[in-house]
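Geometric and topological summary
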Amino acid sequence: MGRYANYPTTVEDCLTVSITKLKEWNYLNFLGTKSGAITWSRNGEKHSSISISVTNNSLEMYATLDYKCNGEPTTYKVEIISKPSNLGKGEVFYFVCPLTKKYCRKLYLHSGYFYHREAFNGLMYSKQIESKKNRDLFKILEASQLSDEVYEERYKKYFKTHYKAKETKRFKRLNTKIQIADSFPLGTLESLLMSTY
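Notes on the structure follow. As the structure is a prediction and not an experimental result, all values here were calculated from the model.

**Describing the sheet that holds strand β1 (residues 16–18)**
- The three strands are arranged β1-β8-β9 in an open sheet whose pairing can be described as antiparallel. Pairing within the sheet leaves two strands with one partner each, and these edge strands are β1 and β9 (113–115). Going across the sheet, the axis of each strand differs from the next one's by a mean of 25°, ignoring polarity.

**Some thoughts on the sheet that holds strand β4 (residues 61–69)**
- Pairing within the open sheet is antiparallel, and its six strands lie in the order β2-β3-β4-β5-β6-β7. The outermost strands of the open sheet, each flanked by one partner alone, are β2 (32–42) and β7 (103–104).
- Here strand β3 (residues 45–56) runs beside β4; their pairing, made up of six bridges, is antiparallel. Paired with Asn 56 across the two strands is Met 61, which belongs to β4.

**So, the environment of Leu 28**
- Tracing the sequence through the fold places Leu 28 in the loop between α1 (19–24) and β2.
- Residue Leu 28 is classed as buried on the basis of its relative accessible area, which comes to 3%.
- Sequence-wise, Leu 28 and Ile 80 are 52 residues apart; in three dimensions their C-alpha atoms are separated by 9.3 Å.

**Digging into the nonpolar core**
- Leu 22, Leu 28, Ile 80, Phe 95 and Phe 114 are the most contacted members of the largest nonpolar core, which totals 23 residues.
- Every element with two or more residues in this core is listed here: α1, β2, β3, β4, β5 (72–84) and β6 (91–96).
- The biggest single contributor to this core is β4, with four residues.
- Those residues in contact with Leu 28, other than ones at most four positions away along the chain, are Ile 19, Leu 22, Lys 23, Val 54, Asn 56, Met 61, Ile 80 and Phe 93.
- Counting residues in each nonpolar core, the second largest holds six residues, with Cys 14, Cys 97, Tyr 115 and Phe 120 among its members.

Quick notes on the rules
- Counting starts from 1 at the beginning of each chain's written sequence and moves along it residue by residue.
- Per-residue local features of the predicted model are confined to residues with pLDDT of at least 70, and side-chain atom pairs are confined, for both listing and counting, to 80 or more; whole-chain, interface and lining totals are unaffected and use all residues.
- Side-chain figures throughout are based on the complete set of non-hydrogen atoms in the structure, without hydrogens or water.
- One requirement defines pairing of two strands: DSSP has to find at least two bridges between them.
- Helix numbering and strand numbering both begin at the N terminus, where a helix is a DSSP run of H or I of at least 4 residues and a strand a DSSP run of E of at least 2.
- Fitted lines through C-alpha atoms serve as axes, helices being fitted only where they are in contact, and the angles separating the N-to-C directions of these axes extend from 0 to 180 degrees.
- With a 1.4 Å probe rolled over the protein chains alone, any residue whose accessible area is under 20% of its type maximum counts as buried; one over 50% counts as exposed, and the rest are partly exposed.
- Residue types Ala, Val, Leu, Ile, Met, Phe, Trp, Tyr and Cys, when buried and joined through side-chain atoms within 4.5 Å, form a set referred to as a nonpolar core.
- Any two residues whose heavy atoms approach within 4.5 Å at even a single point are treated as in contact.

Structure follows, in structure tokens:
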């Protein structure tokens, strides 16, 4: 009798609490405490929620997460800090992971807690557990769908290619995408698709 596949939990499977979303929902731009809830839905159906409050005073800033996991109530604080933006435009907020003390912009729920993704042994991105053939296929599919806008983005008026004499991350990512797209000979996608049948 065949065994059931034992697929590891991936980063993409985890529920997350995001600094970007907290900022968007005005949790970070005030003094005092703001409380609310974060909910997650699938196909329009709510499946999970947590209570959250963010406290900001002259001494500290932190989020308090309050939820049940496997029926067990869980409450703990997560420190929030701000650092000057590298681009000289205001400040950037980060969580300080309660376990690893690493700075991060997202906390991932795994093993009952929202922590930095590196706090969990064996937690991987879905791409890391794909077969080599699938990884190659997705690379080529992504490369084949690059639009002219991607190529033209490098030459836009306000696009920064360098900052303090170093290439920007955005410029590096864009260049990598273009180099991968240009490295495949014509017909590569078709021949790879044929080999999967």
